[in-house]
Each structure stands twice: as structure tokens, then as C-alpha cells.
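# Overview (structure and organization)
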Amino acid sequence: MALNNKIDELLSGAVARADVPGVVAAVTTAEGTIYQAGFGERELGGGVAMSPDTVGWIASMTKAITSVAALQLVEEGRLVLDQPAGELVAHLGQVEVLTGFDDTGRPLTRPPRRPVTLRHLLSHTSGLGYDFWNPEVIRYQEATGLPPVASRRNDALLLPLLFDPGERWNYSIGIDWVGKMVEAVAGRTLGQVMQERIFEPLGMTSTAFQPTPDMERRQAKAHARNANDSLEPMERAVVAEPEFEMGGGGLYSSVEDYLKFIRMILNRGSADGRQVLQPETVAEMSRNQIGGCRVGAMTMAMPGYSNDVEFLPGVEKTWGLAFMINEEAAPLGRSAGSLFWGGIANSYYWIDPARGIGGAYLTQILPFADAKSLALFQDFESTVYDNL
């Protein structure tokens, strides 16, 4: 098949050039998988091949799954998109807008003009930020002694707003708070909710916040891109006893598993005869929720975690209740209204409802938006569209 041969050639060539140590990529239609393969090694020099069941840290690809968990509860009337989030999680009822710092470095704040809602959190318009992307957040952490978000300590989430809710788009820890809201309503951990309501119905057996022994045996190693452009295996700091399951970025999964989630979205919430989400919910989560605001470039504030990045530059982009949406057709072939995001270790996915196709891609490389891995993902996507 021409599609398979072209993608095989592309991915194997990248491994042969040492652009990536290993990569897994897959493509699905609403009916089923039409391509999946792995190339290279799970650990550079380790001799164990990447394969479709290879497990990796999918980081912010977690966000869409957490959003689905929340929207299931919205369907049941247990969560409400426009209810003040502070009714369920106290901090968001007390949070203020950071206006600056005084001469001693003490943060200055004021009350927000409107409350933070679940819709704001899901669409990244809450006013919250990330320490990765916002130097003001880092300065606030230093002034108040708050730990970094990656520590997975509860007090790491006690950040101020950077602007009034609803005023602009800013990528944030909002989905971690969504996870807290899900737990408050469900009375169980986020992972337990996902397992019962998403993973089991979809047959996702290799997705979890804490990898099982079987998942650990199939796990790929993280790699760092050095200043001389070489790659080397690295030890990624893992929190032994996290205080919360990070709905914004804590899951491990395989491309094989994540494709099942993509296929559910393509099937308007259905999977093997089971309705995980109602069709109208899928439609709502896949349309612009940020009004006249737009998704733009993100500038890294913590070196080593990411490069500066803007996806699909020059294309108008909004955000729904789970995904970035390109409002215009994209140069790589993606239809207008397609859905996209990725994870900080250079994993990415896209869903094109208009064409009935989606794909997922996994490497384990830091920093995010690695020039060679991101370019390979883009070439993978364009190859799919060129050979449909």
C-alpha cells in the first residue's frame, strides 16, 4: 500500500539519520486503524525496538481525556460549564488577579471581575498560567515559596490569575483544576474515574497515571537534545508519591491506545456500540469556545522544557473544550475544524472530523517542539494527506 510504504520510508529514514532515537506513529479512520508502526529504539543504544504498544509519557495529551471525563459529568448534570469553579474547589473562589510586585517583591493582586468557570478552565481562558510559559508565574512562586507545577503537590496549583477570566487565551494549569472538580463530584480519584468511564469502554489497557509493571516493561526512555544537536538518554524526574493525579499532563499511554480515543471522537462519542459521549457533546467540545480570542505563539520561560512554538503559524486558531482548532484549512492538509494538541516530550495527535481521519505520534524527547521531531510529525501528517 502506497501510504504504508511512504510513511515507513519517512520514519525509518529519520531514525537512520539519528533525528530521533525511536518513533511510533499511527493513523485511523472512524472504522479502524489504517497504519501503525514503530522504528528505532526505546532507548538509544538499548537494542529494544519501538513498537505500536510502546508506552511513553504523553504529558499534555492527557488534557483531552480529562476534558472528556468532565464533559461526561456535564451530560449528567453533575457539573455545569458556566458554574463558578469555586463552588467545588475553594481556591478558585478566592483567587485574585496578579497586577505586579511591590518594591520588596511582594505580589500585588486584585479581585477578578468575574468568577472562573469550568468553561474557562477547559478552554484556557481562566486567567491561570503555567510556570513553563509565564515568567510572572515563576516570580510569584519565588516570592511565595510555592513549588513548581511538576512537583504534583497540591499547593503548586495555588497560583493567581494573570488576567480576568474570559479576556484572552493562555495555556494553563486549568485542566489540573478540572481534574480536581471531577474528583470533587465523583468522590474518587481522577484515574479511577477515567478507568471506569473512558479506558474500559474504549479498551485502553495501556493508559494510566501510574504505569503497571507490564506498561513499565514496554516504556520508552526520555532523551535530551543537547546543544550540539545530539541525543542522549536522560533520567526524567518522577514524583514518587504525587499529591494529585495531574489531569493536565500526568498520563502514560501508547499510540495504539490513544488511537482508540481518537476513533471515539471521530465516531461522535461512540465506541463499539457504547456511547462514551453524546454526539452533541462532541460537537460542542469541537467548536470555538473562546469567542474573538485566538491561540497564538507560546514563549518558554523555563529553558530545557521547551522551545518557543506556534503551531500552524499564519492559520487562525481557536480552542474548544478539549482541543486547539484550526479555523482554516492548514497547509499540511488538515481540514478546517480539525482538532490538535501534543505533549511536552514531543508526542502529538490530530483529529480531522471533516475527512474522518486522525493520527498519533510518539517520541520521548525534551525540549518540547524539538525541531527535528516536530518536523518529522509534520512530514508524517502531510504524507498521510498526500496518500489518502
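Residues numbered from 1 in each chain as written. Predicted model: local features only at pLDDT ≥ 70, side-chain atom pairs only at ≥ 80, totals over all residues. Heavy atoms only, no water.

## Quick word on the pattern of salt bridges
- Tallied over the entire structure, the rule returns 24 salt bridges.
- The shortest N-O distance in the salt bridge between Glu-76 and Arg-78 comes to 3.2 Å.
- In this structure Glu-76 comes out as partly exposed when scored by relative accessible area, which is 43%.
- Among the salt bridges present, the one from Glu-196 reaches Arg-188, with a minimum N-O distance of 2.5 Å.
- Accessibility expressed as a relative area gives 44% for Glu-196, which makes it partly exposed.
- Several salt bridges converge on common partners, so that one network encompasses Arg-110, Arg-113, Arg-114, Asp-164 and Glu-167. (Salt bridge = Lys/Arg side-chain N within 4 Å of Asp/Glu carboxyl O. Buried < 20%, exposed > 50% of the residue type's maximum accessible area, 1.4 Å probe, protein only.)

## Here's the deal with the side chain of Asn-346
- Mapped onto the elements of the fold, Asn-346 is located in the loop between strand S13 (338-343) and strand S14 (347-352).
- We classify Asn-346 as buried; its relative accessible area is 0%.
- Leave out the neighbours within four places in its chain, and Asn-346 touches Tyr-361, Leu-362, Thr-363, Ile-365, Leu-366, Pro-367, Phe-368, Ala-369, Asp-370, Ser-373 and Leu-374. (Helix = DSSP H or I, 4+ residues; strand = E, 2+ residues; numbered from the N terminus. Contact = heavy atoms within 4.5 Å.)

## Topic: the sheet that holds strand S6 (residues 223-225)
- Here 3 strands make up an open sheet; going across it, the order is S7-S6-S16 and the pairing mixed. Looking at the sheet topology across the chains shown, the edges are occupied by strand S7 (231-233) and strand S16 (365-366). (Pairing = 2+ DSSP bridges.)

## Examining the sheet that holds S14
- Pairing within the open sheet is antiparallel, and its 7 strands lie in the order S2-S1-S15-S14-S13-S12-S11. Among the strands making up the open sheet, the edge pair consists of strand S2 (33-40) and strand S11 (317-319). Going across the sheet, the axis of each strand differs from the next one's by a mean of 15°, ignoring polarity.
- Sheet analysis places S14 next to strand S15 (residues 357-362), joined by 6 bridges and oriented antiparallel. Note that in S15 the partner of Ile-351 across the bridge is Gly-358.
- Strands in contact with helix H1 (residues 2-16) are strand S1 (22-29) and S2; relative to S2, the strand with the most contacts, it is inclined by about 20°. (Axes fitted to C-alpha atoms, helices over the stretch in contact; angles between N-to-C directions.)

By themselves, these figures tell us nothing about what the structure is for.
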